[in-house]
Structures are given as C-alpha cells and as structure tokens.
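Now for the letters of each chain:
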Amino acid sequence: MSLLDSRTPPAYRWLRPVAVTSALLLLGYGLLRLLDRLDGHSDKGAWAWNTGHTLFLLGVLGFGALIVGLHGLLRTRSGRLRTLDDVAAVAGLVGTAAFVWVILGDLFPRFADAVDTPGVVLFGGPVLFELGLLVLLYRAAAARLLPVWAPVLVLVGFVAIAVNLDLLPVGAALVLAGLLPLRARGVKRGPRLYQKR
C-alpha cells in the first residue's frame, strides 16, 4: 500500500517556492539582526529592526503555508499516520500563531503594551512550530519528497538558532539547504500503486 492516499493531488507547485522563500526571509532577518547589533545592542524601531522583523513575520507566515501544504500533500490511508500529520499540523500552526504574536509585539510596542504575552507563548510557541514542521518534513522524506538528510539539516538549523540568536544566519542557511530539494509532487495515480497487500 502506498504511503500517500490516491486522492493526493499530483502537484503542489507553490510548495517549494514558498519553502525556499521563507528560508531566505529568515536568512535576511538574521543578517539584518547582525547588522543592527554591530554597535553591541539592538535599536528598536530603527530601519534594520523594523525591516528584519517584517522579513521574519513574512517568513513565519510562509512556513505556516508550508505546514498547511505538507499536511495536504501527505494524505494517507493509515489512521495512525493521518493522526500524526493532523497533530503535527495543528502544533505547527499554533506555533506559527505564537511567533506572529511575538513579532507583532516587537514591531508595534503599543500592541505589546496592550496585550501581555504569556511565557507559554514565548517559549512554547517556537517548540510547537519547530516540532510540527519537523514531523511533517520527516514524513515528506519518508514519502520520498525530500532526501532523508534534508530534515536533519533543518533540525540542526533550528538547534543553532536556539543555542544562540547570533547564529541565526547560519541556522537559516541550514534550513534553506534542507528545504531546497523539496519535491512537491504526489505519487502517480494508478491502481497498481494503491492496491492493498
């Protein structure tokens, strides 16, 4: 039996460009963050801060779209895998929403002052985002939409960013390298691929 459901569309052509663009936006944010901190501190509200955080926001939204696309592409007949995909997608999207909340607070101080950001959003959001995305990427590798080493690169990139935010450009470059080979094509339709054994 195939890993993918026969109802899977033959291609999600937008998936790879969105994945690569999101990683490039994250890389741009990392580079602008380093530029902003050349004098030893961040200048909140300065052009590098605002531009970098805007790139970060767009990148996170792109990763949210990637999560939705991977979830749609990885439809399966297996109840366990379907549940795993659903839980991973929900976790990833909740994490995406938490990231958006924090970034909006960074971009708009009045928003941050008006809405207190709970610690669970600050710390739990990134964990849910990364965990959800990584599970879907590992599932994509199992479905041969990615090489097996690609999710490992994305994981190492996320770990580098978590260890030290100054490693953001390095981490983003690793995420980009992991997402570059993404193939957004479902399996070919045909009765031989979907016969139960």
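Fair warning: this is a prediction, and the values are worked out from it, not measured in the lab. (Residues numbered from 1 in each chain as written. Predicted model: local features only at pLDDT ≥ 70, side-chain atom pairs only at ≥ 80, totals over all residues. Heavy atoms only, no water.)

**Quick word on the packing of aromatic side chains**
Aromatic rings in a pair are described by how distant their centres are and how their planes are angled relative to each other.
Then, number 1: The full count for this structure, using the stated rule, is five aromatic pairs.
Then, number 2: Ring centres of Tyr29 and Phe56 lie 4.6 Å apart, and the angle between their planes is 0 degrees; this geometry places the pair in the stacked category. Here Tyr29, found in helix α1 (residues 15-36), pairs with Phe56, found in helix α2 (residues 47-73); they are 27 residues apart in sequence, far enough to count as distant.
Then, number 3: Under the relative-accessibility criterion, Phe56 is labelled buried at 13%.
Then, number 4: For the ring pair Phe99 and Phe129, a centre distance of 5.3 Å and an interplane angle of 85 degrees mean the geometry is edge-to-face. Taken together, the positions of Phe99 in helix α3 (residues 79-107) and Phe129 in helix α5 (residues 119-142) put the pair 30 residues apart, joining distant regions of the chain. (Phe/Tyr/Trp six-rings, centres within 6.5 Å; stacked < 30°, edge-to-face > 60°. Helix = DSSP H or I, 4+ residues; strand = E, 2+ residues; numbered from the N terminus. Buried < 20%, exposed > 50% of the residue type's maximum accessible area, 1.4 Å probe, protein only.)

**Focus on unusual backbone geometry**
Then, number 1: Although it is not a glycine, Arg144 sits at a positive phi angle of roughly 65 degrees.
Then, number 2: Here Arg144 is to be found in the loop between α5 and α6 (150-163).
Then, number 3: Owing to a relative accessible area of 67%, Arg144 belongs among the exposed residues under this scheme.

**As for the side chain of Thr96**
Then, number 1: As for its placement among the helices and strands, Thr96 is situated in helix α3.
Then, number 2: Leave out the neighbours within four places in its chain, and Thr96 touches Val60, Gly64, Ile67 and Phe129. (Contact = heavy atoms within 4.5 Å.)

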